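Observations on the three-dimensional arrangement
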Amino acid sequence: LLSDAATSFVPSGMPQRRASAEEGPKLSEPAPAAAAAAGSGMAQALVAGTTATAAILGGAARGRRTNRGSKSAAITVVPVAMRAVPEGGYCELPNQCVRRKTRTITIGDVKIGSDHPIATQTMTTTLTDDVEGTVAQIKKCADMGVDIVRITVQGMREAKACKFIKKRLLEDGYTTPIVADIHFTPKVALLCADFVDKVRVNPGNFVDGRKSFDTIGELTEKDIKEAQAQIEEVFAPLVLKLKEKNKALRIGVNHGSLAERILFQYGDSPEGMVASAVEFGEICRKYDYHNFLFSMKSSNPKVMVEAYRQLSREMYKRGWDYPLHLGVTEAGGGADGRIKSAVGIGALLLDGLGDTIRVSLTEDPEFEAGPCKALRAAAEAAVGKGVESFDEKNGRRDGPVARRECTFPLDVPLNADGSVLSAMSAEELGSLDTKTLCARLGLRLRADGDVQKDWKSTDAVVVDGALSDKAIENIKILLQVPAGVVCRPAANVPEGVTFLHDAAAVTAAVPERLGGHAVIFTGEESEEQIKSVFQMAKPRFVFLKPKSQEGVTYLGRRFFTMLRSFEVTEGIPCMLWFSYPKVAGQDEDDVVIRASADFGSLFVDGFGEGMLWNAEGFTADNLRESSFNLLQASRMRISKTEFISCPSCGRTLFNLQETTAKIQERTGHLPGVRVAIMGCIVNGPGEMADADFGYVGSGVGKVDLYVKYDCVKRAIPFAGAVDALVNLIKEHGKWVEPEEDEELTAGEAVAVM
């Protein structure tokens with residue numbers, strides 16, 4: 001089968017928007033003889049040794065010079081052995097973590113692929129032409145355990161600096177590969193290839209240039225062919241040079257900077273991201289260049305996960321085995337950035353996808369090393385873990401599915417967007433006065449003594465142990481809020497409390513009561529056991545509480561598949577309850593990242609209507625705050641302003657960390673509002689699609705403000721830009737004044753009550 005860069009790409013399951021009789025054979029067509037030669041079923045590239053010129057391949061390259069200004073390039077046509085899509089759809093297996101088999105690519109001294117450990121990456125924030133500063137930062141990152149470091153290269157001056165950066169690193173005994181990050185400038189990429197170990201190109205702007213979104217009114221088959229021919233004409237020289245020098249390439253698609261043509265054809269979608277990646281991949285293959293990998297980044301973890309899954313599924317169909325670089329772009333800083341990255345990256349790693357990773361944080365780059373290593377450890381621990389094979393009937397492996405439609409009980413105040421539950425002992429509950437009870441559960445104590453829920457209040461608390469009189473008094477306060485209370489059956493439990501049962505202990509019908517019943521399942525029960533317990537307990541909601549955290553992604557998928565099997569189980573909310581004991585050598589970040597990967601791997605597929613987690617050594621505030629952050633990162637429950645902030649690089653036109661902190665301080669009280677903070681124009685306009693408002697560096701000391709895609713204020717002096725952003729939010733009716741703190745001291749509260 002001939003690889004033809006001009007062949008129109010149609011993602012699986014999508015309507016064929018631009019098929020024509022002129023198109024050549026598709027790589028996705030079966031090749032029985034070649035498939036038989038594949039042995040284990042994994043596609044093996046069969047280099048035929050056949051050469052041809054661009055003129056005989058047809059399609060977009062027909063009649064065009066593929067390398068303007070140089071001799072015509074010989075092309076090796078690469079047939080491949082095709083394989084069927086595996087049982088997992090986009091991954092090897094649906095019930096067990098098996099790493100996706102890939103070829104090995106070489107980046108300097110680092111090998112990337114399924115036969116090698118997952119490599120970690122970061123990116124410098126220095127000005128690249130500051131050779132000393134950049135070298136010092138790369139060395140600091142390498143000393144922290146980072147395997148590969150990327151640097152921004154926006155012009156010829158920075159490209160020439162790469163030569164001296166690499167030279168200095170080698171002189172100092174550092175073989176850490178460096179990667180040139182290229183946007184808009186093909187000529188710069190060609191020069192960089194002489195000095196760096198890998199080049200990253202963005203298909204959205206490598207040829208098309210700066211962003212615009214409304215200049216295309218119609219797109220014909222001829223237009224598409226011409227656009228693809230232009231891509232090849234500009235991109236092929238870089239491919240040939242990288243091949244000649246045995247350098248690596250990343251085809252780095254970004255959701256925020258898709259080309260206008262791709263946006264017109266596919267919309268702002270994972271399908272468009274895959275189409276963009278495949279176009280560039282086809283050109284590499286056409287010239288028999290295979291030392292490359294893909295990335296499919298987005299600031300939205302759900303979009304990011306779906307894009308990687310679609311690309312993986314497409315590569316299985318085509319017989320491609322290129323590695324994947326994983327990352328959530330513009331994730332932000334602090335706990336938010338770590339959790340958002342872990343949800344997206346972790347969900348893919350636990351499916352066996354991903355060969356190198358970067359956690360993009362709005363922090364100094366060396367601080368990305370720890371989260372990367374924690375994710376790698378979680379991925380390595382997951383390999384081989386899972387459950388027995390089961391029939392997953394919901395179509396999840398074929399594409400995104402809607403969340404379960406659940407009926408939420410009227411007498412238990414759960415949140416339909418995702419509930420946060422807390423656990424405490426009856427002894428602790430009985431020791432709290434009203435103020436500390438409110439602080440423990442994130443409730444608000446008003447000046448008049450009334451207790452109310454806030455944006456980040458616990459929805460329900462699970463109480464363990466015998467209840468004292470004081471504990472019962474506090475339970476009555478909670479029920480009046482209303483907040484849910486769940487505890488084991490006992491004679492002195494107030495009406496309205498939900499009784500908690502272990503599934504194995506439910507052997508007979510339980511009496512109905514106000515507050516009803518909740519049941520804990522381990523996920524190891526059979527379908528018939530689950531059905532029987534539901535019939536006898538008629539639970540308001542249930543918990544999935546595994547006996548251990550090994551293979552919880554697959555155990556959860558099987559459990560939710562069983563919940564869909566019977567009418568009596570369908571529509572009953574399920575809370576995920578995970579526990580993390582103290583492990584030597586792990587810090588708090590490590591545990592948060594592991595938990596985010598576990599919960600996120602289920603939440604991104606719509607499995608789970610809430611969460612409760614225990615982690616030894618964590619405070620109640622940490623657990624509750626992380627729960628809300630995790631639900632928001634999973635695009636479930638929005639409880640605070642969301643900030644989409646890039647990690648900074650040499651292109652950044654202002655101090656990103658300081659500016660982000662200022663904007664967070666001014667606008668952090670606006671739940672549901674999304675604010676993007678971008679250091680430069682590279683991803684700025686595109687990422688506005690996932691934000692309500694955008695703050696983008698546009699020149700030295702200047703900032704542009706956006707509403708969605710639209711730039712509404714240009715070249716605002718930096719000194720007044722934050723005020724201008726606040727005024728813009730007010731103009732669009734999204735502003736509310738921060739509430740004054742009405743909490744009282746314990747003595748004042750008692751006096752009022």
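1. A look at the overall build of the protein chain
- Secondary structure summary: the protein chain contains 22 helices and 27 strands in total.
- Contacts spanning at least 24 positions in sequence make up 71% of the contacts within the protein chain whose residues lie at least 6 apart.
- Taken as a whole, the protein chain presents about 28300 Å² of accessible surface, with 51% of it coming from carbon and sulfur.

2. Points about helix H15 (residues 527-537)
- Considered for burial, the residues of H15 that qualify are Ile-530, Val-533, Phe-534, Met-536 and Ala-537.
- Once H15 finishes, Lys-538 follows within two positions and takes phi at roughly 45°, a positive value.

3. Things to note about the packing of helix H16 (residues 552-563) against helix H17 (residues 588-603)
- In contact at an axis separation of 9 Å, H16 and H17 are set at 30° when each is read in the N-to-C sense. Between H16 and H17, the angle is such that the two are roughly parallel. Where H16 crosses over H17, the handedness of that crossing is right-handed. Judged by residue contacts, Val-552, Thr-553, Gly-556 and Arg-557 of H16 engage Asp-598, Ser-601 and Leu-602 from H17.
- Here the contact of H16 with H17 is built from residues that sort into two nonpolar, three polar and two charged.

4. Concerning the nonpolar core
- Counting residues in hydrophobic clusters, the biggest one holds 136 residues, and the most contacted among them are Phe-235, Phe-294, Phe-599 and Trp-613.
- With 25 residues, the next largest nonpolar core counts Leu-429, Val-451, Ile-472 and Val-481 among its residues.

5. Notes on the pattern of salt bridges
- Tallied over the entire structure, the rule returns 51 salt bridges.
- The salt bridge involving Lys-166 is made with Asp-197; its shortest N-O contact spans 2.7 Å. One end of the pair, Lys-166, is in helix H4 (residues 156-171); the other, Asp-197, is in the loop between helix H5 (186-192) and strand S8 (198-201), and 31 residues separate them in sequence. For the residue pair Lys-166 and Asp-197, the accessibility class agrees, reading buried in each case.

6. So, the sheet that holds strand S26 (residues 702-707)
- If you walk across this open sheet you meet the five strands as S23-S24-S25-S26-S27, and the pairing is mixed. Strands with a single pairing partner mark the edges of an open sheet, and in this sheet they are strand S23 (642-645) and strand S27 (710-717). On average, each strand axis in the sheet is tilted by 20° relative to the strand beside it, whichever way the strands run.
- Pairing of strand S24 (residues 674-678) with strand S25 (residues 693-699) involves four bridges; the strand directions are parallel. When the bridges of S25 are listed, Val-675 appears paired with Phe-693.
- Where helix H19 (residues 656-667) meets the sheet, its contacts fall on S23, S24 and S25, and the angle it forms with S24 comes to roughly 160°.

7. Some details on the pairing of strand S16 (residues 460-464)
- Among the five residues of S16, four are classified as buried, and the element is accordingly described as predominantly covered.
- Both strand S13 (residues 419-425) and S16 contribute to a ladder of five bridges, which runs parallel. Pairing of Met-424 across the sheet is with Val-463, part of S16.
- One ladder, built from four bridges, connects S16 with strand S17 (residues 484-487); its direction is parallel. Paired with Val-461 across the strands is Val-485, a residue of S17.

8. Regarding the sheet that holds S13
- The parallel closed barrel is built from eight strands, whose spatial order is S13-S16-S17-S18-S19-S20-S21-S22. The average angle at which neighbouring strand axes cross in this sheet is 25°, direction not considered.
- Contacts between H15 and the sheet are confined to strand S19 (517-521) and strand S20 (541-544), with S19 contributing the most and set at about 165° to the helix.
- The strands touched by H16 within the sheet are S19, S20 and strand S21 (574-580), with S21 carrying the most contacts at an inclination of about 160°.

9. Digging into the side chain of Glu-366
- One can find Glu-366 in the loop between strand S12 (356-358) and helix H11 (369-382).
- Here Glu-366 is in contact with Lys-140, Cys-141 and Met-144, once residues within four sequence places are set aside.

10. Side note on the environment of His-255
- Locating His-255 in the fold gives a position in the loop between strand S9 (248-254) and helix H7 (260-266).
- On the accessibility criterion, His-255 (8% relative accessible area) is buried.
- Along the primary structure His-255 and Met-304 are separated by 49 residues, whereas in three dimensions their C-alpha atoms are 8.1 Å apart.
- In this structure the side chain of His-255 is engaged in a polar contact, spanning 3.1 Å, whose partner is the side chain of Ser-298.

11. Notes on the state of the cysteines
- Here the structure, examined in full by the defined rule, presents zero disulfides.
- Cys-162 provides the cysteine sulfur closest to Cys-192, a residue in no disulfide bond, and the two sulfurs are 4.3 Å apart.
- The class of Cys-192 is buried, set by a relative accessible area of 0%.

12. Points about the confidence of the model for the protein chain
- Confidence in the prediction for the protein chain averages 85 pLDDT; 84% of positions are at 70 or higher.
- Contacts of residues 1-77 to residues separated by more than four positions or lying in other chains number 150 contacts, the stretch itself having pLDDT below 50.
- Segment residues 743-753 is flagged for pLDDT under 50; beyond a separation of four residues in sequence, or across chains, it makes 17 contacts in the model.

Cut-offs used in this document
Residues numbered from 1 in each chain as written. Predicted model: local features only at pLDDT ≥ 70, side-chain atom pairs only at ≥ 80, totals over all residues. Heavy atoms only, no water. Helix = DSSP H or I, 4+ residues; strand = E, 2+ residues; numbered from the N terminus. Contact = heavy atoms within 4.5 Å. Areas by Shrake-Rupley, 256 points an atom, 1.4 Å probe, with all protein chains shown as cover. Buried < 20%, exposed > 50% of the residue type's maximum accessible area, 1.4 Å probe, protein only. Axes fitted to C-alpha atoms, helices over the stretch in contact; angles between N-to-C directions. Parallel < 35°, antiparallel > 145°, perpendicular 65-115°, else oblique. Left-handed = near helix turned anticlockwise from the far one by under 90°. Nonpolar A, V, L, I, M, F, W, Y, C, P; charged D, E, K, R; others polar. Core = buried A, V, L, I, M, F, W, Y, C linked by side-chain atoms within 4.5 Å. Salt bridge = Lys/Arg side-chain N within 4 Å of Asp/Glu carboxyl O. Pairing = 2+ DSSP bridges. Polar contact = N/O pair within 3.5 Å; in protein donor to acceptor, adjacent residues only side chain to side chain. Disulfide = S-S within 2.5 Å. pLDDT = per-residue confidence, 0-100.

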